[in-house]
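# Topology and contacts: notes
Read off the chains here:
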Amino acid sequence: VSNTGDENNKGIKADSPIKEILTEIRNGDAAAFKYIDFTDEPDSAKVNVFLGSKPVSNDIVLDNSWGRPIGKLNIPGNGDGKTSQTFACKIPKVKGVHAVWFRFWGEYDDLVKIDSFSFIKQ
């Protein structure tokens, strides 16, 4: 997890003995997942999140954290941090193996918790 501010941001937290979630996300944070194989040429991204109380924008970027987004999710801020919901967006067909970056934008700390994500072909 990359953070533009306080380096004490933990980022990944155990949700159970066999599962972790990405948490404590702040405005301007970026999280990288290396390396994702896009052999199946997906055309959509799905992200399951625990909704926070304020809206969050999530850019999906390949290879370089400040590159042009291939997808964008606008996550509403109508949650309690305990209820999960899945959001999806179209992406251009991608081939090869890439680092996947999620960039987050919002108005406060602990914006959202990422439970899981996937790239699918619809």
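That block above? That's the structure.
As a starting point, this report considers the structure included with it. Computed from a prediction, not measured in an experiment: that's the story for all the values here. (Residues numbered from 1 in each chain as written. Predicted model: local features only at pLDDT ≥ 70, side-chain atom pairs only at ≥ 80, totals over all residues. Heavy atoms only, no water.)

### A look at unusual backbone geometry
Across the junction of Lys 34 and Tyr 35, the peptide omega takes the value -15°, indicating a cis bond. With respect to the helices and strands, Tyr 35 occurs in strand E3 (residues 30-37). Despite not being glycine, Glu 41 shows a phi value in the positive range, around 50°. Relative to the elements of secondary structure, Glu 41 occurs in the loop between E3 and strand E4 (44-50). Judged by its relative accessible area of 24%, Glu 41 is partly exposed. In this structure, Asp 63 is a non-glycine residue whose phi angle is positive, near 70°. Note on placement: Asp 63 falls in the loop between strand E5 (56-62) and strand E6 (71-75). By relative accessible area, which is 44% here, Asp 63 ends up partly exposed. (Helix = DSSP H or I, 4+ residues; strand = E, 2+ residues; numbered from the N terminus. Buried < 20%, exposed > 50% of the residue type's maximum accessible area, 1.4 Å probe, protein only.)

### Concerning the pattern of salt bridges
In total, this model carries 3 salt bridges according to the counting rule given. Between Asp 43 and Lys 90 there is a salt bridge, with the nearest N and O atoms lying 4.0 Å from each other. With Asp 43 in the loop between E3 and E4 and Lys 90 in strand E7 (residues 84-90), this pair connects stretches of sequence that are 47 residues apart. Note on Asp 43: relative accessible area 12%, which makes it buried. When the shortest N-O distance is used, the salt bridge between Arg 103 and Asp 59 registers 3.1 Å. Within this pair, whereas Arg 103 is found in strand E8 (residues 97-106), its partner Asp 59 is found in strand E5, the two being separated by 44 residues in sequence. For the residue pair Arg 103 and Asp 59, the accessibility class agrees, reading buried in each case. When salt bridges that share partners are traced, they join Asp 59, Lys 72 and Arg 103 into one network. (Salt bridge = Lys/Arg side-chain N within 4 Å of Asp/Glu carboxyl O.)

### Some details on the packing of aromatic side chains
What the rule picks out here adds up to 7 aromatic pairs. Ring geometry for Phe 102 and Phe 104: centres 6.5 Å apart, planes at 75°, overall edge-to-face. Residue classification places Phe 102 among the buried residues on the basis of a relative accessible area of 1%. Here Phe 104 falls in the buried class, since its relative accessible area comes to 1%. With 5.0 Å between their ring centres and 80° between their planes, Phe 102 and Phe 117 make a pair best called edge-to-face. Here Phe 117 lies in strand E9 (residues 113-120) and Phe 102 lies in strand E8, a separation of 15 residues in the sequence. Exposure remark for Phe 117: the relative accessible area of 25% places this residue in the partly exposed category. (Phe/Tyr/Trp six-rings, centres within 6.5 Å; stacked < 30°, edge-to-face > 60°.)

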